[in-house]
2 protein chains.
Amino acid sequence: MEHNLDQTMALLGRTPAVFNTLLRDLSAEWTESNEGDGTWSAKQVVAHLIHCERVDWLARAKRILEFGESKAFDPLDRAAHLKTNSDAPLPELLDEFARLRASNLEALRGMRLGPEELGLKGKHPALGSLTLAELLAAWTVHDMTHLHQVSRILAVQYREACGPFSAYLGVLKCDGHSG
Amino acid sequence: MEHNLDQTMALLGRTPAVFNTLLRDLSAEWTESNEGDGTWSAKQVVAHLIHCERVDWLARAKRILEFGESKAFDPLDRAAHLKTNSDAPLPELLDEFARLRASNLEALRGMRLGPEELGLKGKHPALGSLTLAELLAAWTVHDMTHLHQVSRILAVQYREACGPFSAYLGVLKCDGHSG
């Protein structure tokens, strides 16, 4: 479907609650285990989402409105959260993600974006020219990428426990493209 | 990690709420669109999970306790839900999934499974011999397979809307192994 701001806000608005429902009070065996060297735990994914709320998506939307293509987005440090947020308890991270997302959506609503603004172009440091609508769609799909990843991280903890059943469970065949 | 009944119940117990939080009141553009011919919508995934609660996982656990390997599990019709459940409104399906899951976990608790029971073997019609612990682990990973799938179904609705950003969004590279 084409980008639609209401549809985008509807999905973006519920992501923190989805992660909260899935992860809060689940044991550390589930939430702090990763998929192997160089991969993230579910908790680290939440820390990454927090980092993106702080410095990435909304800041890039503002950059487009203010500078168009004349000033590229700041590059995102995809590993920044491994240095900062990851030590906090998961419930605090979930609360922080929810708080930041609510605040960012409030700010997005305040921009009163219409078709003209959504068609404005900005400049991604690697991908080049893209529209505000494309940025907002990507924000939404980025949420789904990490939900996809977390469902896989949880699943792989039980890979051996499933015995012969693992042959039938698609998530165990996912090669981690969303890491 | 090794199978652990408490860890299994903890994750199984929250799956209906996760789907509810993600999907309830989201528009039909998100929840009733699929990934192309022969694939499922998010709503159809919920209908499939309902079917499995009704006829599959718990029934197989009972079969193991009653018959061991002497009577194989009934085969699962993976497309059964396409004929029956899919017409109901999504909120009703979400409620039904939650109700059935709660009832099945209550029944599972009532079985008072210890290490001895969890090690009992049953017979899968295609996979052959497997233990009750493996069945329960697979039930859990099956939930995650379908959460993985639903996050992808939602994401692909915005594949074109993301423009050049789609190159960076891992979920869009998932080849649908979990369908």
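Residues numbered from 1 in each chain as written. Chains lettered and ligands numbered in written order. Predicted model: local features only at pLDDT ≥ 70, side-chain atom pairs only at ≥ 80, totals over all residues. Heavy atoms only, no water.

Remarks on the overall build of chain A
Thought 1: When helices and strands are tallied, chain A shows eight helices and two strands.
Thought 2: Along chain A, helices and strands appear, N-terminal first, in the series α-α-α-α-α-α-α-β-β-α.
Thought 3: Whereas a compact globule of 179 residues would reach a radius of gyration of roughly 16 Å, chain A reaches 18 Å, a difference of no more than 12%.
Thought 4: Oriented by its inertia axes, the alpha-carbon framework of chain A measures out at about 55 × 30 × 30 Å.
Thought 5: Looking at chain A residue by residue over its 179 residues, the buried ones come to 55%.
Thought 6: A separation of at least 24 residues holds for 76% of the contacts in chain A among residues at least 6 apart in sequence.
Thought 7: Surface summary for chain A: the accessible area is close to 7400 Å², and the carbon and sulfur share equals 47%.
Thought 8: Distance from the positive charge centre (19 side chains) to the negative charge centre (24 side chains) of chain A: 3 Å. (Helix = DSSP H or I, 4+ residues; strand = E, 2+ residues; numbered from the N terminus. Rg over C-alpha atoms; globule rule 2.2 N^0.38 Å. Buried < 20%, exposed > 50% of the residue type's maximum accessible area, 1.4 Å probe, protein only. Contact = heavy atoms within 4.5 Å. Areas by Shrake-Rupley, 256 points an atom, 1.4 Å probe, with all protein chains shown as cover. Lys, Arg positive; Asp, Glu negative; His and termini not counted. Charge placed at Lys NZ, Arg CZ, Asp CG, Glu CD.)

Quick notes on the interface of chain A and chain B
Accessible area lost during the coming together of the parts is what is often quoted as the interface size.
Thought 1: Opposite the 60 residues of chain A that make contact, chain B presents 60 residues.
Thought 2: Across the interface of chain A and chain B, roughly 5100 Å² is buried in total on both sides, 71% from carbon and sulfur atoms.
Thought 3: The largest per-residue losses of area from chain A upon contact with chain B belong to Met1(A), Tyr158(A) and Phe165(A), which jointly make up 15% of the total buried on that side.
Thought 4: Run the count over chain A and chain B and you get zero salt bridges.
Thought 5: Across the contact surface, chain A and chain B share 22 residue pairs in polar contact (both at pLDDT 80 or more).
Thought 6: Taken together, the elements giving at least two residues each to the side of chain A that touches chain B come down to helix H1 (5–23), helix H2 (28–31), helix H4 (57–67), strand E2 (128–131) and helix H8 (132–156) of chain A. (Buried area = accessible area lost by both parts, 1.4 Å probe. Salt bridge = Lys/Arg side-chain N within 4 Å of Asp/Glu carboxyl O. Polar contact = N/O pair within 3.5 Å; in protein donor to acceptor, adjacent residues only side chain to side chain.)

Some details on helix H8 (residues 132–156) of chain B
Thought 1: Across its 25 residues, H8(B) extends 36 Å between first and last C-alpha, which sits within 8% of the 36 Å expected from 1.5 Å per residue.
Thought 2: Of all 25 residues that make up H8(B), 25 are buried, and the element is covered over most of its length. (Expected span 1.5 Å × (residues − 1).)

Some words on the nonpolar core
Thought 1: Phe19(A), Leu22(A), Leu23(A), Leu108(A), Phe19(B), Leu22(B) and Leu23(B) are the most contacted members of the largest nonpolar core, which totals 111 residues.
Thought 2: In this structure Leu23(B) touches Arg14(A), Thr31(B), Ala42(B), Val46(B), Leu90(B), Leu94(B), Val150(B) and Leu154(B), once residues within four positions along its chain are discounted. (Core = buried A, V, L, I, M, F, W, Y, C linked by side-chain atoms within 4.5 Å.)

Topic: the relation of the copies chain A and chain B
Thought 1: In screw terms, the move from chain A to chain B is a rotation of 180° and a rise of 0.0 Å along the axis, fitting with an RMSD of 0.0 Å. Put plainly, the chains are arranged around a two-fold axis. No C-alpha of chain A approaches the rotation axis more nearly than that of His148(A), which lies at 2.3 Å.
Thought 2: A shared binding surface is used by both copies, with 100% of the interface residues of chain A retained as interface residues in chain B. (Least-squares fit on C-alpha atoms with pLDDT ≥ 70 in both.)

As for the confidence of the model for chain A
Thought 1: Looking at chain A, the pLDDT average stands at 94 and 97% of residues meet or exceed 70.
Thought 2: The complex prediction reports pTM at 0.96, with the ipTM value standing at 0.95. (pLDDT = per-residue confidence, 0-100.)

Focus on the packing of aromatic side chains
Residues and elements named next belong to chain B.
Thought 1: Tallied over the full model, the rule gives eight aromatic pairs over all chains.
Thought 2: Ring geometry for tryptophan 57 versus tryptophan 139: centroids 6.4 Å apart, planes at 5°, classification stacked. Separated by 82 residues along the polypeptide, tryptophan 57 in helix H4 (residues 57–67) and tryptophan 139 in helix H8 bring together distant segments of the chain. Like tryptophan 139, tryptophan 57 is buried. (Phe/Tyr/Trp six-rings, centres within 6.5 Å; stacked < 30°, edge-to-face > 60°.)

Comments concerning the pairing of strand E1 (residues 121–124) of chain B
Residue and element names in this part refer to chain B.
Thought 1: The alternating pattern of E1 places Gly122 and His124 on a buried face and Lys121 and Lys123 on a face that is not buried.
Thought 2: Direction of pairing for E1 relative to strand E2 (residues 128–131): antiparallel, over a ladder of four bridges. Bridging from a neighbouring strand, histidine 124 pairs with glycine 128 of E2.
Thought 3: Count of turn residues in the E1/E2 antiparallel hairpin: three residues. (Pairing = 2+ DSSP bridges.)

So, the side chain of Thr140(A)
Thought 1: Looking at the secondary structure, you find Thr140(A) in helix H8.
Thought 2: Of the polar contacts made by the side chain of Thr140(A), one reaches the backbone oxygen of Leu136(A); its length is 2.9 Å.
Thought 3: Beyond its immediate chain neighbours, meaning those up to four positions away, Thr140(A) contacts Thr8(A), Leu11(A), Leu12(A), Trp30(B) and Tyr158(B).

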